[in-house]
Amino acid sequence: MELLVRARRTVTDRGEGPASVAVEGGRIVRVGGFDDPVGADEVVELGEEVVLLPGLVDSHVHVNEPGHDTWEGFASATRAAAAGGITTLVDMPLDSVPVTVDPAALAAKRAAATGQCFVDVGFWGGVVPGGTAHLPALREAGVLGFKCFLSDSGSPDFPPLSRRQLLETLRVLRELDAVLLVHAESERELSAAPPARGRRYADFLASRPPQAELAAVAAVLDAARATGARVHIVHLSTARALPLIAAARREGVRVTAETCPHYLTLAAELVPDGATEYACCPPVREAANQDGLWAGLADGTLDLVVSDHSPCAAGLKHLDTGDFGAAWGGISSLQLALPLVWTQARRRGFRLPEVATWMASSPARLAGLSAKGRIAPGYDADLCVFAPDDTFTVRPETLHHRQPVTPYAGRTLHGVVRRTWLRGREVDFRYPAGGLLTAEATAERHESDNQNPGGNR
Ligand SMILES: [Zn+2]
């Protein structure tokens, strides 16, 4: 064997327990007892204080390169991922130039990524009006599935689909046996809401009401029901949509859904006015809603938790004016997703095997990555050593994200990623990170707001 990891606490499909994981040729070839006599070139023995997790799979990441590589890029994003225990990420098809809506654009993405990735990377393809002709070729070229919007994406080169176009797309994707990821906010409901402007978070929240998500989720479920195609609701924010999704699934509609660390750990009541680092779409809602999302994870209506890491140039956040109407919607959390989720999950009585399901095996299944997300024979030897009881305080300058603007600055979190292996090889992510002054200023501004990390319920 090339590598043998003996861990007193290993997360497998059977839960958490002692095991030895043998690796050959980058794959897990055997999962046996802790003391099983297995020879290997390198033997790693882990103590009681750490847990061996499957490398996480983050199926919702905006890498932005090519085109916006000052926002984020493959080198910085994948290093941040490795530092956060994520060994596979799937890149979203918008916010780069070109957007990934045809095979030439996918080739440009791949060329940009080549030679600079610390972890494995896959790609979603984009569907825009008039783009269905490209879908078979994109699928053939290797995209893992497709993504569309039902409301303004914020990018003029990635317009939303109409209901008719959504149906047409799903008919094509059913034939290709490919999943459609949908940003589910209804343009009609958003237009009917008061427009976002100014520094008050309450006004921003009112501009993107739960009704916008409810109407769009209902439309997606109708379209999935009518076509038999597979759909996935990305970044669900309102817990009020959960009964719709659960009911559709009971009647056989092929639907899955995800939520994100920010919806699970931040609460509208605690967002300071003018703090545009909290701006994202759909928005972070009230604490009572957050409880509903955790209940959705507990009962399985929500399948997975992914970062929706969505950076931008620091200026686009308008941190200086704090105008939510002007600020880029997106929160970066690639490196922090696991400790953010774990900090809340442990408080709510969940254990690491459940977190591994939400953040490794379920996203791998969504993306059709059959060798990822589990510690089991035949799977890639993607592993993460996690110290669940260790704590750290988020300091933006320690993040590998290219733009370390974060609403989590100053927060104390549980869970430190100590080591990460990708296909049997340890990833050296401990490269000194260059912090940007803009983020430090942000950290100072909100240090006082975040002094009570346990209070965000
Ligand atoms: Zn996104």
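Everything in this summary refers to the structure shown in the same document.

Analysis parameters
- Residues numbered from 1 in each chain as written.
- Predicted model: local features only at pLDDT ≥ 70, side-chain atom pairs only at ≥ 80, totals over all residues.
- Heavy atoms only, no water.
- Salt bridge = Lys/Arg side-chain N within 4 Å of Asp/Glu carboxyl O.
- Helix = DSSP H or I, 4+ residues; strand = E, 2+ residues; numbered from the N terminus.
- Buried < 20%, exposed > 50% of the residue type's maximum accessible area, 1.4 Å probe, protein only.
- Contact = heavy atoms within 4.5 Å.
- Pairing = 2+ DSSP bridges.
- Axes fitted to C-alpha atoms, helices over the stretch in contact; angles between N-to-C directions.
- Disulfide = S-S within 2.5 Å.
- Phe/Tyr/Trp six-rings, centres within 6.5 Å; stacked < 30°, edge-to-face > 60°.

Attention shifts here to the pattern of salt bridges. Following the criterion strictly, the structure yields 26 salt bridges and no others. Here Asp-36 makes a salt bridge to Arg-30, at a shortest N to O gap of 3.0 Å. Here Arg-423 ties to Asp-120 by a salt bridge, and the two come within 2.6 Å at their closest N and O atoms. Separated by 303 residues along the polypeptide, Arg-423 in the loop between β16 (412-422) and β17 (425-426) and Asp-120 in strand β8 (residues 120-123) bring together distant segments of the chain. A residue is classified by how much of its surface remains accessible, and Arg-423, at 39% relative accessible area, is partly exposed. Here the residues in one salt-bridge network are Arg-27, Asp-120, Lys-372, Asp-380, Asp-382 and Arg-423, joined through shared partners.

Right, let's talk about the side chain of Ser-361 for a bit. Its location among the elements puts Ser-361 in helix α12 (residues 352-366). Judged by relative accessible area, which is 13%, Ser-361 ranks as buried. Not counting the four nearest positions on each side in its chain, Ser-361 is found in contact with Ala-356, Gly-373 and Arg-374.

In space, the three strands of this open sheet follow the order β6-β7-β8, with parallel pairing throughout. Looking at which strands have only one partner, the edges of the open sheet turn out to be β6 (56-61) and β8. In this sheet, neighbouring strand axes are inclined to one another by 20 degrees on average, regardless of whether the strands run parallel or antiparallel. As paired strands, β6 and strand β7 (residues 86-91) are joined by four bridges and run parallel to one another. Bridging from a neighbouring strand, Asp-58 pairs with Leu-89 of β7.

All right, on to the sheet that holds strand β11 (residues 180-183) then. Across the sheet, which stays open at both edges, the six strands sit in the order β9-β10-β11-β12-β13-β14 with parallel pairing between neighbours. Where the open sheet ends on each side, the last strands, each with one partner, are β9 (125-126) and β14 (304-305). Note: strand β12 (residues 231-233) against strand β13 (residues 255-259), three bridges, orientation parallel. Counterpart to His-232 in the pairing with β13 is Thr-256.

For the rest of this paragraph, the subject is the state of the cysteines. Following the criterion strictly, the structure yields zero disulfides and no others. Not part of a disulfide, Cys-117 finds its nearest cysteine sulfur in Cys-384, a span of 19 Å. Given the relative accessible area of 32%, Cys-117 is considered partly exposed. With no disulfide partner, Cys-148 has as its closest neighbouring cysteine sulfur the one in Cys-260, 16 Å distant. Given a relative accessible area of 0%, Cys-148 falls into the buried group.

Our next topic: the packing of aromatic side chains. Centre distance and the angle of the planes are the two values used to describe a pair of aromatic rings. Applying the stated criterion across every chain, the model contains nine aromatic pairs. A ring pair is formed by Trp-71 and Trp-328, whose centres lie 5.0 Å apart and whose planes are at 70 degrees; its orientation type is edge-to-face. Of this pair, Trp-71 sits in the loop between β6 and α1 (74-83) while Trp-328 sits in the loop between β14 and α11 (337-347); the two residues are 257 residues apart in sequence, bridging distant segments of the chain. Just as Trp-71 is buried, Trp-328 falls in that class too. Ring centres of Trp-294 and Trp-358 lie 5.9 Å apart, and the angle between their planes is 65 degrees; on these two criteria the pair is classed as edge-to-face. Highlighted residues: Trp-294 in helix α10 (residues 287-298) and Trp-358 in helix α12, separated in sequence by 64 residues. Classification of Trp-294 by relative accessible area gives buried; the value is 2%. Judged by its relative accessible area of 5%, Trp-358 is buried. Through a chain of ring-to-ring contacts, three or more aromatic side chains come together here, namely Tyr-201, Phe-204 and Phe-324.

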